[in-house]
Amino acid sequence: MQKMLRKCGVILALLSAVGSAPASAETMRVTLLGTGTPILNINRFGISVLVEAGTQKLLFDAGRGVAMRLHQRQVPLRDISAVFISLLNSDHITGLPDLYATAPLPTDDGRLKTPMTLFGPDGIDNVARGIELMFKDQNRMRMLEGEVVEPATHIHAKRVEPGIVYEKEGVRVSAFLIEHGHVKPDFGYRIEYGGHAIVITDDTTYSENLVAHSKHADLMVQSVAIGSRALERAAPDYVNHFYGYLASPESAGRILSEAKPKLAVFAHISLYSRSDIPRATVDELRERVQAAYPGNFVIGEDLMTFDINDHGVTRAPYSPEVRQQEPRT
Ligand SMILES: [Zn+2]
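Residues numbered from 1 in each chain as written. Predicted model: local features only at pLDDT ≥ 70, side-chain atom pairs only at ≥ 80, totals over all residues.

Moving on to the confidence of the model for the chain. Summary statistics for the chain give a mean pLDDT of 90 and a share of 92% for residues scoring 70 or more. Note that residues 1-20 has pLDDT below 50 and, in this model, 20 contacts with residues that lie over four places away or in other chains. (pLDDT = per-residue confidence, 0-100. Contact = placed C-beta atoms within 7 Å.)

Here helix α11 (residues 282-292) has its buried residues at L285, R288 and V289. Along the axis of α11, the buried positions cluster into a sector of 100°, meaning they face one direction only. Facing away from the buried side of α11 by over 90 degrees, the exposed positions are D283, E287 and A291. (Buried ≥ 20, exposed ≤ 12 C-beta atoms within 10 Å, placed from the backbone. Helix = DSSP H or I, 4+ residues; strand = E, 2+ residues; numbered from the N terminus. Arc of directions from axis to C-beta.)

Turning next to helix α5 (residues 124-134). Of all the residues in α5, the buried ones are I124, V127, A128 and I131. When α5 is viewed along its axis, its buried side chains cluster within an angular range of 95° and face the same direction. Within α5, the exposed residues directed more than 90 degrees away from the buried face are N126, R129 and L133. Taken together, the buried residues of α5 touch α3 (90-93), α4 (96-102), β5 (116-120) and β6 (155-159).

One non-glycine residue, K260, lies in positive phi territory at about 55°. The class for K260 is partly exposed, based on 14 C-beta atoms found within 10 Å. Of note, the phi angle at H268 is positive, near 55°, even though the residue is not glycine. Looking at the element boundaries, H268 is found in strand β12 (residues 263-272). Residue H268 is classed as buried on the basis of its C-beta count, with 32 C-beta atoms lying within 10 Å.

Let's shift gears to the nonpolar core. Ranked by internal contacts, the top residues of the largest apolar core, which has 90 residues, are V49, V51, V83, F84, I191, I198 and L219. A per-element tally of this core places β12 first, with seven residues. (Core = buried A, V, L, I, M, F, W, Y, C linked by C-beta atoms within 7 Å.)

What follows deals with the sheet that holds β6. Taken in spatial order, the eight strands of this open sheet run β6-β5-β4-β3-β2-β1-β14-β15, and their pairing is mixed. Either end of the sheet is taken by a strand with one partner, and the two such strands are β6 and β15 (312-315). Ignoring strand direction, the axes of neighbouring strands in this sheet form an average angle of 20°. Note that strand β14 (residues 305-309) and β15 share four bridges and pair antiparallel. (Pairing = 2+ DSSP bridges. Axes fitted to C-alpha atoms, helices over the stretch in contact; angles between N-to-C directions.)

Strand pairing in a sheet takes place through backbone hydrogen bonds and is either antiparallel or parallel in direction. Taking strand neighbours across the sheet as the criterion, the seven strands line up as β7-β8-β9-β10-β11-β12-β13 in an open arrangement whose pairing is mixed. Sheet topology places β7 (163-168) and β13 (297-299) at the edges, where each strand pairs with a single neighbour. Going across the sheet, the axis of each strand differs from the next one's by a mean of 25°, ignoring polarity. Sheet topology note: the β12/β13 ladder contains three bridges and is parallel.

The next subject is the environment of E147. Tracing the chain through its elements places E147 in the loop between α6 (136-144) and β6. When near neighbours in sequence (up to four residues on either side) are disregarded, E147 contacts L105, P106 and R142.

A separate point is the packing of helix α10 (residues 249-259) against α11. Two quantities define a packed helix pair, namely the angle between the axes and the distance from one axis to the other. For the pair α10 and α11, interaxial distance at closest approach is 8 Å and the crossing angle is 45°. In this view, α10 runs oblique relative to α11, as classed from their interaxial angle. For the element pair α10 and α11, the recorded crossing hand is right-handed. Of the residues in α11, those touching α10 at P249, E250, A252, G253 and R254 are L285, R288, V289 and A292. Considering only residue class, the contact of α10 with α11 consists of five nonpolar, one polar and three charged. (Parallel < 35°, antiparallel > 145°, perpendicular 65-115°, else oblique. Left-handed = near helix turned anticlockwise from the far one by under 90°. Nonpolar A, V, L, I, M, F, W, Y, C, P; charged D, E, K, R; others polar.)

Here you go:
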């Protein structure tokens, strides 16, 4: 047992080193801050992906718990350069008010002095104005106390259209339409830096446009939904309904087979169940994707980290225990 604990200690030390060391100039680093859905799950926080490239720290979606996961990764909230939202469902934005309210505070994680930059689909301005209104009185009081500076109480919201939406210091972000049934528009994002590309596609089923914009990425962060085979047999209408707007394991396999990323990682993982039929296991998910896709993929977990550079895509050592840890100071 002691030996095992020592081994865990080594793993955690490695993780801590990875978490705190800045990515080198030519490396893009991707951290899955949250891999969950609206369904409450203590191990899978709301969907959010951090991309660090050069001087830029970009956040893609800001689901439940995003500020906590940034704290665990030892990325000060004030360092987030911009936030990109793919669609306006709650699971993509419930972490935003926390991020907005906590980033300016006089703490180690805070002291933001500038407005938050927020990109998203039509309606993103409502989100920004709503959050500002929600905290109007607390901002007034905190400014009186000198705890918050006025510029940090604003959110610069920018409506996304397909095409290049952000270009700064060698980092380019492009948006493209993906397919999520009645929820429109819904955007995927392609991030390019140093000759490498990451594609993030939340909440989508197969679409030709998605594949066209995802070709030959170094890393593809892909959503997936699964009802177990037992659930598919017992409730085909229920299962086929959500497979109509979320990629099943087979549909995700088709997307990846055509997009051909060097490595794929699944995040935003929907595990459907019914009161009498438990949700599919991660093993069933893996087996069904493997049957549809011969390439390399990983089932993502919160705080998994990947480095992308000329040497390829590397996954940092990972233990689920890291999710329960306060970061080392
Ligand atoms: Zn979602």
